[in-house]
Amino acid sequence: MNKQIILNLPVKDLNKSKAFFSALGFTFSDRFSGENAAFMNIVGDTIQAMLTIEPFFQSLIDKPVVQAKEANEVVICLSCESREEVDTLIAKAVAAGGRTPHPPEDHGFMYDQGFEDIDGHLWNLVWAAPEA
């Protein structure tokens with residue numbers, strides 16, 4: 001089995017979160033999915049996320065679930081193939097109900113912008129020139 005990255009993210013409403021990420025072009029697998037969770041493919045079978053309803057997520061940990069709209073512990077950063085891909089995904093996120101916490105940053109050799117999903121999780125999309 002190849003190494004994988006699987007993020008576990010608590011969500012308030014599983015169906016709304018699935019609709020949000022589907023609008024960005026992410027797909028879902030029946031594997032490990034059910035009424036408490038949905039297995040989302042971000043980058044093929046290499047990077048995935050398990051979207052888990054908060055009560056079930058809470059059963060897996062011994063600390064309170066962070067309310068991502070109030071505080072953040074992590075920013076999920078994804079590389080993109082181009083500036084256009086960054087802009088396209090940001091536009092899809094906003095159209096699906098997300099928000100942008102800051103304007104895009106253009107450093108010439110690197111371009112990035114972030115979005116907040118409907119549960120408050122922060123995602124940063126980055127394009128870097130191949131020579132960077």
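Now for a description of the structure that goes with this document. In this text the structure is predicted, and so the values were computed from the model without any measurement. (Residues numbered from 1 in each chain as written. Predicted model: local features only at pLDDT ≥ 70, side-chain atom pairs only at ≥ 80, totals over all residues. Heavy atoms only, no water.)

## Things to note about the overall build of the protein
Okay, so step 1: Looking only at helices and strands, the protein has three helices and eight strands in total.
Okay, so step 2: Secondary structure elements in the protein, listed N-terminal to C-terminal, are β-α-β-β-β-α-β-α-β-β-β.
Okay, so step 3: Computed over the C-alpha atoms, the radius of gyration of the protein is 15 Å, within 12% of the 14 Å expected from 2.2 N^0.38 for a compact globule of 132 residues.
Okay, so step 4: Referenced to the eigenvectors of the C-alpha coordinate spread, the extents of the protein come out at roughly 45 × 35 × 25 Å. (Helix = DSSP H or I, 4+ residues; strand = E, 2+ residues; numbered from the N terminus. Rg over C-alpha atoms; globule rule 2.2 N^0.38 Å.)

## Some points on the pairing of strand β8 (residues 122-128)
Okay, so step 1: Taken across its seven residues, β8 has five buried, putting it largely inside the fold.
Okay, so step 2: Sheet topology places strand β5 (residues 75-79) next to β8; five bridges connect them, and they run parallel. When the bridges of β8 are listed, Ser79 appears paired with Val126.
Okay, so step 3: Relative to β8, strand β7 (residues 110-116) is paired through seven bridges, and the arrangement is antiparallel. When the bridges of β8 are listed, Asp112 appears paired with Val126.
Okay, so step 4: Linking β7 back to β8 in an antiparallel pair, the connection comprises five residues, with Gly120 at a positive phi of about 95 degrees. (Buried < 20%, exposed > 50% of the residue type's maximum accessible area, 1.4 Å probe, protein only. Pairing = 2+ DSSP bridges.)

## Things to note about a nonpolar patch on the surface
Okay, so step 1: Nonpolar side chains collect at one region of the surface, where Phe56, Leu60 and Ile61 lie side by side and expose about 260 Å² of accessible area between them.
Okay, so step 2: Examined against the element boundaries, Leu60 turns out to sit in the loop between α2 (54-59) and β5.
Okay, so step 3: Overall, Leu60 belongs to the exposed group, its relative accessible area being 54%. (Patch = residues over 30% accessible without salt bridge, like charges linked within 9 Å, V, L, I, M, F, W, Y side chains within 5 Å. Areas by Shrake-Rupley, 256 points an atom, 1.4 Å probe, with all protein chains shown as cover. Salt bridge = Lys/Arg side-chain N within 4 Å of Asp/Glu carboxyl O.)

## So, the environment of His107
Okay, so step 1: Secondary-structure assignment places His107 in the loop between β6 (105-106) and β7.
Okay, so step 2: Considered as a pair, His107 and Pro130 are 23 residues apart in the sequence and their alpha carbons are 14 Å apart.
Okay, so step 3: Within the local environment of His107, its side chain forms a polar contact with the side chain of Glu105, the two groups lying 3.4 Å apart. (Polar contact = N/O pair within 3.5 Å; in protein donor to acceptor, adjacent residues only side chain to side chain.)

## A closer look at the packing of aromatic side chains
Okay, so step 1: Taken as a whole, this structure holds seven aromatic pairs when the rule is applied.
Okay, so step 2: For the pair Phe20 and Phe21, a centre-to-centre distance of 5.0 Å together with 90 degrees between the ring planes defines the contact as edge-to-face. In this pair, the class of Phe20 matches that of Phe21, namely buried.
Okay, so step 3: Arranged with centres 6.0 Å apart and planes meeting at 0 degrees, the rings of Phe115 and Trp123 form a pair that is stacked. Here the two residues Phe115 and Trp123 agree in accessibility, since each one is buried. (Phe/Tyr/Trp six-rings, centres within 6.5 Å; stacked < 30°, edge-to-face > 60°.)

## Examining the nonpolar core
Okay, so step 1: One finds Met40, Phe115, Trp123 and Leu125 to be the most contacted residues of the largest nonpolar core, which totals 26 residues.
Okay, so step 2: Breaking this core down by element, the ones donating at least two residues are β1 (5-11), α1 (14-23), β3 (37-43), β4 (47-53), β5, α3 (83-95), β7 and β8. (Core = buried A, V, L, I, M, F, W, Y, C linked by side-chain atoms within 4.5 Å.)

## Looking at the sheet that holds β4
Okay, so step 1: Reading across from one edge, β1-β4-β3-β2 is the order of the four strands in this open sheet, with mixed pairing throughout. Sheet topology places β1 and β2 (27-29) at the edges, where each strand pairs with a single neighbour. In this sheet, adjacent strand axes meet at a mean angle of 35 degrees when their direction is disregarded.
Okay, so step 2: Pairing analysis gives three bridges linking β2 to β3, with the strands arranged antiparallel. When the sheet's bridge partners are listed, Phe28 is paired in β3 with Met40. (Axes fitted to C-alpha atoms, helices over the stretch in contact; angles between N-to-C directions.)

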